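Given next are the chains, with one letter for each unit.
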Amino acid sequence: MDNLEYLNQISQSNRPVKRSLKSSDRKTNLILKFSIAGVVLFFLMMAFGAMVGNLNTKSDDLAKQIYTRTVNLNSSLNTYNRDLKSSRLRAIGVSLSAILTNASNQLSNYLTANSKDKNITLDEKTTASEAAIIEELNTSLTNAKLNGVLDRYYDNQIGLQVSLLLSQTSELLARTKDAELITIVTNLHTSLETIHQNLVNYSSN
C-alpha cells in the first residue's frame, strides 16, 4: 500500500457517519415544531384581540365626545340664535340646531344601549376639555353681542365649531366598524357639510 492509499483510508475512517433519524425522533421534532407554532399563534391572537378591543374603546370614547359636543353646541345655538340680526344666518342656526338635536338623540340611544356602563360619561380630562371649548365659545359670543357684532362673530365661531365636529366625525368613521354607529355619524357628517357650505356662502356675500 502506497502513501496515497494509506492517507485515503485514514480520511475515510475519520469521516462522521451519517445517522438517519429514528421514527420516534422525527415525531418528537414534529411535535416540538407544532407546539412552538401553537404558542406563537396564541400570542398573535391575544395581541390582535387586544388591539381590536382598544380600537372599540377609542371609538366609544370618541362617540361620547361627539355626543357631548353636539349637546353643548346646541345649547349655545339656542342661547344666541334669537339675537341674530340676519334672518339668513338665523335660519342656518336653526337648521344646525335641528341637526344636532337629532344626532344627539340618536347617539344617546346608541351609547346607552351599547356602552358597558350604560352611561354617557367622559374621562375627566376630556370632560374638562369639552367644558373649556364651550365656555370659550359662549364668552366670545356674549362679548360680541354686547358690542353689537354678534352676527359676524357667530358666523366665524359657529363655522369653526362645525369644522371641528366634521373632523371628529371623519375620525370616528375611520375607526368604527359598527353599522349602526356608521349610519348615525354619516348622516351627521353629511348634514354638517351642508351647514358648513351654507356658512361659507354667507361669509362670501
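Once a new chain begins, its residue numbering starts again from 1 and follows that chain's sequence as written. Restriction of local features to residues with pLDDT of at least 70 applies here, the model being predicted, together with a cutoff of 80 or more for giving and counting side-chain atom pairs; totals for whole chains, interfaces and linings are based on all residues. Hydrogens are left out, water is left out, and the side-chain values use all remaining heavy atoms of the structure.

## Details of the overall build of the chain
To be explicit about the condition: What counts as a helix is a DSSP run of H or I of at least four residues, what counts as a strand is a run of E of at least two, and both are numbered from the N terminus. We call a residue buried when its accessible area falls under 20% of the maximum for its residue type, exposed when it is over 50%, and partly exposed in between, using a 1.4 Å probe and counting protein chains only. Contacts are assigned to residue pairs that have any heavy atoms within 4.5 Å of one another.
Summing up its helical and strand segments, the chain has 6 helices and 0 strands in all. Counting from the amino terminus, the chain carries its helices and strands in the arrangement α-α-α-α-α-α. In the chain, buried positions account for 31% of the 205 residues. Put simply, of all contacts in the chain between residues at least 6 apart along the chain, 77% involve residues at least 24 apart.

## Some details on helix α3 (residues 87–114)
Heads up, the rule is: Residue count minus one, scaled by 1.5 Å, sets the expected span of a helix. Polar contacts, as counted here, are pairs of nitrogen or oxygen atoms within 3.5 Å of one another; within protein the pair requires one atom able to donate a hydrogen and one able to accept it, and residues that are adjacent in sequence qualify only if both atoms are side-chain atoms.
Taking 1.5 Å per residue as the helical rise, α3 with its 28 residues ought to reach 40 Å, and the 40 Å between its terminal C-alpha atoms agrees with that figure. The N-capping residue of α3, defined by a side-chain oxygen 3.4 Å from the backbone nitrogen of R88, is S86.

## Some words on the side chain of D155
As a reminder, the rule being used: Only four residue types enter the charge count, namely Lys and Arg as positive and Asp and Glu as negative; His and the chain termini do not. The salt bridge criterion pairs a side-chain nitrogen of Lys or Arg with a carboxyl oxygen of Asp or Glu, the two atoms within 4 Å.
Structurally, D155 can be placed in helix α5 (residues 150–175). One buried charged residue, D155, forms no salt bridge at all, with the nearest opposite charge on R152 at 8.7 Å. Ignoring any residue separated from it by four or fewer positions in sequence, one finds D155 in contact with L89, L199, Y202 and S203.

## Some points on the confidence of the model for the chain
Applicable threshold: How sure the predictor is of each residue is captured by pLDDT, a score from 0 to 100.
On average, residues of the chain score 82 in pLDDT, and 70% of them reach the 70 mark or higher. Counted against residues more than four places away or in other chains, residues 39–56, with its pLDDT under 50, gives 0 contacts.

## Examining the packing of α3 against helix α6 (residues 179–204)
This is how it is decided: To obtain an axis, a line is fitted to C-alpha atoms, over the contacting stretch when the element is a helix, and the angle between two such axes runs from 0 to 180 degrees between their N-to-C directions. Comment on the angle field: the value is read as roughly parallel under 35 degrees, roughly antiparallel over 145, roughly perpendicular from 65 to 115, and oblique elsewhere. Note on convention: near helix rotated counterclockwise from far helix by under a right angle means a left-handed crossing. Clockwise means right-handed. Classes in brief: Ala, Val, Leu, Ile, Met, Phe, Trp, Tyr, Cys and Pro nonpolar; Asp, Glu, Lys and Arg charged; the others, Gly included, polar.
Two elements in contact, α3 and α6, have axes whose closest approach is 10 Å; the angle formed by their N-to-C orientations is 165°. On the basis of their axis angle, the class for α3 and α6 is roughly antiparallel. By crossing handedness, the relation of α3 to α6 is classed as left-handed. Of the residues in α6, those in contact with R88, L89, I92, S95, L96, I99, A103, Q106, L107, Y110 and N114 of α3 are E180, L181, I184, L188, S191, L192, I195, N198, L199, N201 and Y202. Tallied by class, the residues present in the contact of α3 with α6 amount to 14 nonpolar, 6 polar and 2 charged.

## Side note on α6
Along its 26 residues, α6 runs 37 Å from first to last C-alpha, staying within 8% of the 38 Å computed at 1.5 Å per residue. Regarding α6, the residues found buried are L181, I184, V185, L188, H189, L192, I195, L199 and Y202. For α6, the N-terminal capping position is held by D178, with its side-chain oxygen 3.0 Å away from the main-chain nitrogen of E180.

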